[in-house]
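# Geometric and topological summary
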Amino acid sequence: DDSFQAIVMNHVIEHVPDPSGVLRKCRRLLAPGGRMVIVTPNPAGLGHRLFKKSWANLDPPRHPHLFSPKALRAAAEEAGFESILGASKTRYHFIRWTWTASLGIRRWGRFDGRKPARPLPRGGLLFYLIEEALRPFWRNVGEEYLLLAVKK
């Protein structure tokens with residue numbers, strides 16, 4: 001307890017059966033002023049709006065919990081953290097996977113596990129460029145949400 005300076009959860013929180021319990025445990029493990037970084041799929045972003053039920057990051061049953069940016073901040077604050085930065089983002093390699101998998105789900109009702117196309121197909125590249133163009137106007141447009149929080 002109270003011994004870690006930082007904890008990073010990169011695509012973890014959406015997989016655990018008790019996210020609130022995990023956040024409380026992280027708070028207990030962090031030293032005062034310690035920081036927690038969470039990166040998770042963003043259901044408030046453009047990809048979910050475009051693909052709806054075919055959005056690959058819904059990923060049932062492996063993702064029992066998906067958090068909107070507001071809900072993730074609230075869960076962290078309820079666990080005793082202060083949110084100090086929240087931002088949506090889209091990493092190029094992540095958009096390649098999301099685009100390929102979501103199209104497969106839309107077309108065939110499932111993702112067949114194929115590797116993402118290289119380079120990104122034109123539709124995926126256009127999607128990525130639209131996300132980047134919308135970023136100044138739509139705060140949570142990205143495929144992932146990053147939360148940086150500090151132990152109070």
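Residues numbered from 1 in each chain as written. Predicted model: local features only at pLDDT ≥ 70, side-chain atom pairs only at ≥ 80, totals over all residues. Heavy atoms only, no water.

## Topic: a nonpolar patch on the surface
Note the following rule: Here, patches come from residues exposed beyond 30% relative accessible area and free of salt bridges, joined within 9 Å for like charges and within 5 Å for nonpolar side chains (Val, Leu, Ile, Met, Phe, Trp, Tyr). In this description, accessible areas are obtained by the Shrake-Rupley approach with a 1.4 Å probe, and a residue is regarded as covered only by the protein chains that are shown. Salt-bridge detection follows one rule: a side-chain nitrogen of Lys or Arg within 4 Å of a carboxyl oxygen of Asp or Glu. We count a stretch as a helix when DSSP gives it H or I for four or more residues in a row; a strand needs E for two or more, and each element gets its number in order from the N terminus. Partly exposed residues are those whose accessible area sits between 20% and 50% of the maximum for their type, while under 20% is buried and over 50% is exposed, using a 1.4 Å probe and protein chains only.
A cluster of nonpolar residues, Tyr92, Leu125 and Leu129, forms a patch on the protein surface that exposes about 260 Å² of accessible area. Looking at where Leu125 falls in the secondary structure, it is placed in helix H5 (residues 122-134). Its relative accessible area of 36% is what places Leu125 among the partly exposed residues.

## Topic: the sheet that holds strand S4 (residues 144-151)
As a reminder of what qualifies: The rule for pairing is simple: two strands pair if DSSP sees at least two bridges between them. Structural elements are reduced to axes, namely lines fitted to C-alpha atoms, with helices fitted over the stretch in contact, and the angle between N-to-C directions of any two is expressed from 0 to 180 degrees.
Within the open sheet, the 4 strands sit side by side as S1-S2-S4-S3. Their pairing is mixed. Each having just a single partner strand, strand S1 (4-10) and strand S3 (81-89) make up the two edges of the open sheet. Direction aside, the axes of adjacent strands within the sheet are offset by 10° on average. As judged from the 8 bridges shared by S3 and S4, these two strands associate in the antiparallel manner. Across the sheet, the residue bridging to Gly86 is Leu147, located in S4.

## Details of the packing of aromatic side chains
One pair of aromatic rings is described through two measures. These are the centre distance and the angle between the planes. Defined as follows: For Phe, Tyr and Trp, rings pair up if their centres lie within 6.5 Å, where Trp contributes its six-membered ring, and each pair is then called stacked (planes under 30 degrees apart), edge-to-face (over 60) or tilted (otherwise).
One pass over the structure, following the stated rule, counts 3 aromatic pairs. Ring geometry for Trp97 against Phe111: centres 5.9 Å apart, planes inclined by 80°, an arrangement best described as edge-to-face. Separated by 14 residues along the polypeptide, Trp97 in helix H4 (residues 92-108) and Phe111 in the loop between H4 and H5 bring together distant segments of the chain. Pairwise contacts between aromatic rings join Phe51, Trp99 and Phe127 into one cluster.

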